[in-house]
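Chain by chain, the residues run as shown.
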Amino acid sequence: MVQHQLRGSFSIIDDCSFRVSDFDMLPGGSNVQWWGALGDDYENLTSGFVISDDKLNSSVYRNDSFNVNLLQNVSWDKVKVVSVWDSSMASDFGHVVLGKNSSIVGDLEDQPTVFENCKVLTDSYRLRWTLNDKENWIDIGLESAIGIQNYMAFGWTEPGREHDHMLNADVAVAGFTEDGIPFADDYFITKYSECIKNQDGRFEGVCPDSIYETDGGSLGSADSVNDTRLVYGHRKDGVSFVRYRKLLRSSDKKYDWDVNVTEKRTCIWALGMIKPPDSIRPYYLPQNHGKTFGHVHVNVSEKVNDCYGPLDADDKEDQDVVIADKKEPLVVTSGPSLHYPNPPNPSKVLYINKKESPLLRVERGVPVKFSIQAGHDVAFYVTSDPLGGNATARNGSETVYVGGPEVEGVQSSPYLLTWAPDRNTPDEVYYQSVFTKKMGWKVQVVDGGLNDMYKNSVLLDDQQVNFFWTLSEKSISIAARAEKKSGYLAIGFGSEMENSFAYVGWVDVNGSGRVNTYWIDGMNAQSLHPTNENLTFVRCKSENGVITLEFTRPLDPDCDRKQRKECNNIIEPTTPLRVIWAMGAKWSSDHLSQSNMHSVKSNKPVRVSLIRGSAEAEEDLRPVLAIHVYSQYSGLAITFLGILFAVAELRGFHLGSLHVKFGILTVLTGCIQPINAYLRPKKPVNNDPDPSGSLSRRVIWEYAHAYIGRSAILVGVVALITGMKHLGERYDDENTIGLMWALIVWVTGGVFVFIYLEYVERKRRRATVTRSNWVLGNGEDEDADLLRSSNGNHGEKESVSSEIQLEPVTDRYTII
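If you're wondering where the values come from, they're calculated on a predicted model, not measured in any experiment.

Engineer: Would you explain the overall build of the protein in this entry?
Structural biologist: The helix and strand inventory of the protein stands at 9 helices and 45 strands. Counting across all 816 residues of the protein, residues that qualify as buried make up 50%. Across the protein, every contact between residues at least 6 apart in sequence was considered, and the portion connecting residues at least 24 apart equals 63%. When the accessible surface of the protein is totalled, it reaches about 39500 Å², and 53% of it is carbon and sulfur.

Engineer: Just to check I follow, could you spell out the environment of Ala 615 for this structure?
Structural biologist: If you trace the backbone, Ala 615 turns up in strand β45 (residues 614-617). Residue classification places Ala 615 among the partly exposed positions, given a relative accessible area of 35%. Placed 38 residues apart in sequence, Ala 615 and Leu 577 show a C-alpha to C-alpha distance of 9.2 Å. When neighbours within four sequence positions are excluded, Ala 615 is seen to be in contact with Val 458, Val 606, Arg 607 and Val 608.

Engineer: It is not clear to me how the packing of aromatic side chains should be interpreted in this structure. Could you clarify?
Structural biologist: Applying the stated criterion across every chain, the model contains 27 aromatic pairs. With 5.0 Å between their ring centres and 45° between their planes, Phe 370 and Phe 380 make a pair best called tilted. With a gap of 10 residues between them, Phe 370 in strand β27 (residues 368-372) and Phe 380 in strand β28 (residues 380-383) connect regions that are remote in the sequence. With respect to class, Phe 370 is no different from Phe 380; both count as buried. When the ring of Tyr 503 is compared with that of Phe 551, the centres are 4.5 Å apart and the planes differ by 20°; the resulting orientation is stacked. Of the two residues, Tyr 503 sits in strand β37 (residues 500-507) while Phe 551 sits in strand β41 (residues 546-554), which places them 48 residues apart along the sequence. In this pair, the class of Tyr 503 matches that of Phe 551, namely buried. Joined through ring pairs, the aromatic side chains of Phe 10, Phe 18, Phe 23, Trp 34, Tyr 61, Phe 66 and Trp 76 make up one cluster. Taking the ring centre of Trp 137 as reference, the NZ or CZ of Arg 245 above it sits at 3.7 Å. Taking the ring centre of Trp 519 as reference, the NZ or CZ of Lys 565 above it sits at 4.6 Å.

Engineer: Explain the sheet that holds β27 to me, please; I cannot follow it from the model alone.
Structural biologist: The strands making up a sheet are joined through hydrogen bonds of the backbone, oriented either antiparallel or parallel. Strand order in the open sheet made by the 5 strands is β25-β24-β23-β27-β30, with mixed pairing throughout. A single partner strand is all that each edge strand has here, and the edge strands are β25 (355-356) and β30 (415-419). One ladder, built from 5 bridges, connects β27 with β30; its direction is antiparallel. Counted as the bridge partner of Ser 371 is Leu 416 from β30.

Engineer: I'm lost on the side chain of Arg 481 in this one. Help?
Structural biologist: Looking at the element boundaries, Arg 481 is found in strand β35 (residues 475-482). Classification of Arg 481 as buried rests on a relative accessible area of 3%. In this structure the side chain of Arg 481 is engaged in a polar contact, spanning 3.3 Å, whose partner is the side chain of Glu 483. Not counting chain neighbours up to four residues away, the residues in contact with Arg 481 comprise Ile 323, Leu 450, Gln 464, Val 465, Asn 466, Phe 468, Leu 489, Val 546, Ile 547 and Thr 548.

Engineer: What am I meant to see in the sheet that holds strand β40 (residues 536-543) here?
Structural biologist: Strand order across the open sheet formed by 5 strands is β33-β34-β35-β41-β40, with antiparallel pairing between neighbours. Each of the sheet's edge strands pairs with one partner strand only, and the pair in question is β33 (456-459) and β40. On average, each strand axis in the sheet is tilted by 15° relative to the strand beside it, whichever way the strands run. Pairing analysis gives 7 bridges linking β35 to β41, with the strands arranged antiparallel. If you follow Ile 478 over to β41, its bridge partner there is Phe 551.

Engineer: Help me understand the nonpolar core in this model?
Structural biologist: Formed by 30 residues in total, the largest nonpolar core has its most connected members in Leu 360, Phe 370 and Phe 380. Broken down by secondary-structure element, the contributors of at least two residues to this core are β23 (330-336), β24 (348-352), β26 (359-363), β27, β28, β30, β31 (428-433) and β32 (442-446). With near-sequence residues (within four places) excluded, Phe 380 lies in contact with Val 332, Leu 350, Phe 370, Ile 372, Gly 403, Gly 404, Val 407, Leu 417, Tyr 431 and Gln 432. Trp 469, Ile 491, Leu 555 and Met 583 belong to the second-largest nonpolar core, a separate cluster that totals 28 residues.

Engineer: For this particular structure, what's the right way to read the UniProt feature "transmembrane region" (unreviewed entry) in the protein?
Structural biologist: UniProt's entry tags residues 630-648, 707-727 and 739-757 with the feature "transmembrane region" (unreviewed entry), counted in the numbering of this structure. Along residues 630-648 the backbone is 100% helical and 0% strand, and the end-to-end C-alpha distance reaches 27 Å.

Engineer: So what exactly am I meant to see when it comes to the pattern of salt bridges here?
Structural biologist: Any two side chains of opposite charge can pair, on the condition that their charged atoms come close. If you walk through the whole model with that rule in mind, you get 26 salt bridges. Taking the shortest distance from any N to any O, the salt bridge between Lys 253 and Asp 258 comes out at 3.2 Å. On the accessibility criterion, Lys 253 (53% relative accessible area) is exposed. Judged by its relative accessible area of 35%, Asp 258 falls in the partly exposed class. Across the pair Lys 604 and Asp 461 runs a salt bridge whose closest N-O atoms are separated by 3.0 Å. Taken together, the residues span a long stretch of sequence, with Lys 604 in the loop between β43 (598-601) and β44 (606-609) and Asp 461 in the loop between β33 and β34 (465-471) at a distance of 143 residues. By relative accessible area, which is 6% here, Asp 461 ends up buried. A single salt-bridge network, built from bridges that share partners, covers Asp 170, Asp 186, Lys 246 and Asp 256.

Engineer: For this particular structure, what's the right way to read the state of the cysteines?
Structural biologist: Covalent bonding between the sulfur atoms of two cysteines defines a disulfide. Following the criterion strictly, the structure yields 3 disulfides and no others. Through a disulfide, Cys 195 is tied to Cys 207; the S-S separation comes to 2.0 Å. On the sign convention where negative is left-handed, the bridge of Cys 195 and Cys 207, at about 105° about the S-S bond, is right-handed. Of this pair, Cys 195 sits in the loop between β13 (182-189) and β14 (196-197) while Cys 207 is found in strand β16 (residues 206-208), placing the two residues 12 residues apart along the sequence. Overall, the relative accessible area of 0% leaves Cys 195 in the buried class.

Engineer: What is the right way to read the pairing of β23 from this model?
Structural biologist: Remark: a regular strand shows side chains that alternate across the two faces of the sheet. Direction of pairing for β23 relative to β27: parallel, over a ladder of 3 bridges. Its bridge partner lying in β27, Val 331 is registered against Ser 371.

Engineer: For this particular structure, what's the right way to read unusual backbone geometry?
Structural biologist: Residues other than glycine predominantly adopt negative phi, and peptide bonds predominantly adopt the trans conformation. Looking along the chain, the bond that leaves Pro 343 and enters Pro 344 is cis, with omega of 0°. In this fold, Pro 344 is placed in the loop between β23 and β24. With phi around 60°, Lys 438 is a residue other than glycine that occupies positive phi space. Tracing the chain through its elements places Lys 438 in the loop between β31 and β32. Residue Asn 544 is not a glycine yet carries a positive backbone phi of 55°. Relative to the helices and strands, Asn 544 is located in the loop between β40 and β41.

Engineer: Looking at this model, I keep getting lost on the side chain of Asn 456. Mind explaining?
Structural biologist: The residue Asn 456 is located in strand β33 in this model. Not counting residues within four places of it along the chain, the set of residues in contact with Asn 456 comprises Phe 467, Phe 468, Trp 469, Leu 610 and Gly 613.

Engineer: Where do I start with the environment of Gly 716 in this structure?
Structural biologist: Relative to the helices and strands, Gly 716 resides in helix α7 (residues 697-731). Considered as a pair, Gly 716 and Thr 666 are 50 residues apart in the sequence and their alpha carbons are 5.4 Å apart.

Engineer: For this particular structure, what's the right way to read a nonpolar patch on the surface?
Structural biologist: On the surface, Val 753, Tyr 756, Leu 757, Tyr 759 and Val 760 cluster together into a nonpolar patch covering about 520 Å² of accessible area. In this fold, Val 753 is placed in helix α8 (residues 735-766).

Engineer: I'm lost on the environment of Leu 6 in this one. Help?
Structural biologist: As for its placement among the helices and strands, Leu 6 is situated in the segment before β1 (7-14). Owing to a relative accessible area of 10%, Leu 6 belongs among the buried residues under this scheme. Residues Leu 6 and Thr 113 lie 107 residues apart in sequence; the distance between their C-alpha atoms is 9.8 Å. If near-sequence neighbours (up to four positions away) are discounted, Leu 6 is found in contact with Met 1, Phe 23, Asp 24, Met 25, Val 84, Phe 93 and Gly 94.

What counts as what
Residue numbers restart at each chain and count upward from 1, following the sequence in its written direction. Thresholds applied to this predicted model are a pLDDT of at least 70 for local features of residues and 80 or more for the giving and counting of side-chain atom pairs; totals over whole chains, interfaces and linings are not thresholded and use all residues. The basis for the side-chain values is all heavy atoms of the structure; hydrogens and waters are excluded. Secondary structure elements follow DSSP: runs of H or I no shorter than four residues count as helices, runs of E no shorter than two count as strands, and numbering proceeds from the N terminus. Residue burial is assigned from relative accessible area. The probe radius is 1.4 Å, only protein chains are included, and a residue is buried under 20% of its type maximum, exposed over 50%, and partly exposed in between. Here, residues are in contact when the closest pair of their heavy atoms is within 4.5 Å. Only the protein chains shown count as cover for residues, and the accessible areas themselves come from Shrake-Rupley with a 1.4 Å probe. We call Phe, Tyr and Trp rings a pair once their centres come within 6.5 Å, taking the six-membered ring for Trp, and we label the pair stacked below 30 degrees between planes, edge-to-face above 60, and tilted otherwise. Both a distance and an angle decide whether a charge sits over a ring: NZ of Lys or CZ of Arg must be within 6 Å of the ring centre and within 35 degrees of the ring normal. Here, any two strands with at least 2 DSSP bridges between them count as paired. Counting of polar contacts relies on pairs of N or O atoms within 3.5 Å, with two restrictions inside protein: one atom must be capable of donating a hydrogen and the other of accepting it, and residues adjacent in sequence are counted only when both atoms are side-chain atoms. Throughout, an axis means a line fitted to C-alpha atoms (over the contacting stretch in the case of helices), and angles, computed between N-to-C directions, take values from 0 to 180 degrees. Residues belong to a common nonpolar core when they are buried Ala, Val, Leu, Ile, Met, Phe, Trp, Tyr or Cys residues joined through side-chain atoms within 4.5 Å. UniProt positions are given in the numbering used here, feature names are shortened, and annotations may be inferred rather than shown by experiment. Counted as salt bridges are all cases of a side-chain nitrogen of Lys or Arg within 4 Å of a carboxyl oxygen of Asp or Glu. We call a pair of cysteine sulfur atoms a disulfide when they lie within 2.5 Å. Patches in this entry comprise residues that are over 30% relatively accessible and not in a salt bridge; like charges within 9 Å are linked, as are nonpolar side chains (Val, Leu, Ile, Met, Phe, Trp, Tyr) within 5 Å.

Given below as structure tokens:
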């Protein structure tokens, strides 16, 4: 089996024919034939030949049996591989390898999908097995038409148990990792719940056998109790298939039940979503299976085959999808072929945005930018031919839409290419290499989409989420699309998860898209407080695990801000909006817990300028604030040391000189600043003035803090100058006057530089849109705001951030 769920038995009848029995295959291409080749590698298969006039273009094959005659010029000594081949796509659906003397290779390595028995559990779930009682093992194959994020479970119940079959059941849980790697592990069920640690420090629920024998969730002793061994697994045409081997009589008597091959035993099965490992639970967690579970009676020694035809999944597309954005170029590179969607494949294929041969989706009328960095031996082009590779020489009807032999580049010197598909572009074309066939894959050309529906879009941090918006007079329409498969997508307005408003989109168990809103005031599940924002035009959908959420909301909610927290969630278009995101495996409308933890999130917020339609890195002023505080205390420490040295030199403390008076005044103003900072009042909500109309305590404090600090600098400079003068008078030093004038010149130069920079800054501010008072998620930046503002006036904060990037406080226990 390579594609189209092809499965069957092949036998040679004589020199001119062969027989195929129990043959399954989903509908294929337009020209599917029996194909011969000298080997099963890419070069041999693609240079093979037709061996029979018989076609395989039936709608579907279900346990069919038939004979096939070879062409007159074909003999078995010329054929080493027999393949079901789609000539139009140069695609291998499945094949058999013939050994010496025209015998068929028949070991497990070459036939991992073949079993002696098959039993139907549901219309979309099948159990296959092969028994070897003499060697004490049974090979089990679990096969189901499910999503790649789902698990398959099967196992034996506790002997003699008539009810609650899942309790104390010995089951295998199989599925695929986020990287598409198959797994099969041994689990034991002690409770109807996820695997959790109880108050006694013991694990309970649906847990791996190895967890029960470890301390703290470490998997160090997994080999001692895990008697389920992965043999093979694949994910094809939307169908998951995992083959594993299990001992019939295990040495693990705590968590494994012996299988008596002569009796009928009750077995359980289930399908459901699975949560990937994280830092807290380093193992896969089967989630609630809903209604997809049951039990069945099986005697493994009896011959059973009630599976009729291949499984047919509704959604057969599993490869990654890249959606073109009109602002961000698609980076085209080349790399090894690992999961190419149309086998056979060359050793090197094209990657787009680090994804191997993805389905590329573009929109008519929207220019697509490519940054070609695939190497000087790979020339990129978009063609009507599905194979590419100088197709014009063999396909006179090929149409080249963009690109050609000259379109090649490397990372240090990429080739920039722009393509604008129009209304005459077919719904499906292909991106390929000019020099080598089958390096690329499909381009899906669609009418309209988020880029057409929204006026602005930006890529958020790490280029994992696209953010779209359109501003109206009193509302804003927002959309966000994940660029990675996940169970939910969350976007938040704020500098970090804590103290932010969040929007979470997911698809529930009924297949309905949901968008919920929250206020987050902590770093755990209990800190997510559902809100009731006035959202309209709400939509959420998931395509191959890629989630898109959309909604429209008012800029300024018309409700009581004191009664409802979400009423403070104001969006001011002239203020850059801080946006963060997170993705995870599972979400629900209630009962949030650690199972809803994110698996990936943004590393830093992005400031989105809603009016200009751009995104900028957040300016991080917290290190500057730290320098400000440390410098303040260091200056005070040096000043006190200076006083001690003066007292020691003068053998007492005298107030007669002008220098001493200015020095004492400098110390007093310097000491006032840390005390003033300690007494700093909190910002009023939304920076609104007091109800009486007077300035708020916060604004008064900011003026006082700023002007006392400036006064301290001025008094300190005077103290320095008078000190120099006093030094000259005391020791009759001729150089003192020169040093004093040098100090005056240095201070004066600094003042002029400050005045010039202030003038340039104010001129730049007047050239930009005046910034509003309200900034979402700005609670932790009070000191940064004070440092930004030269005079404590909130109305003159910057509207353009610098290129310094903000690194938010991270916590691995954050929920979204």
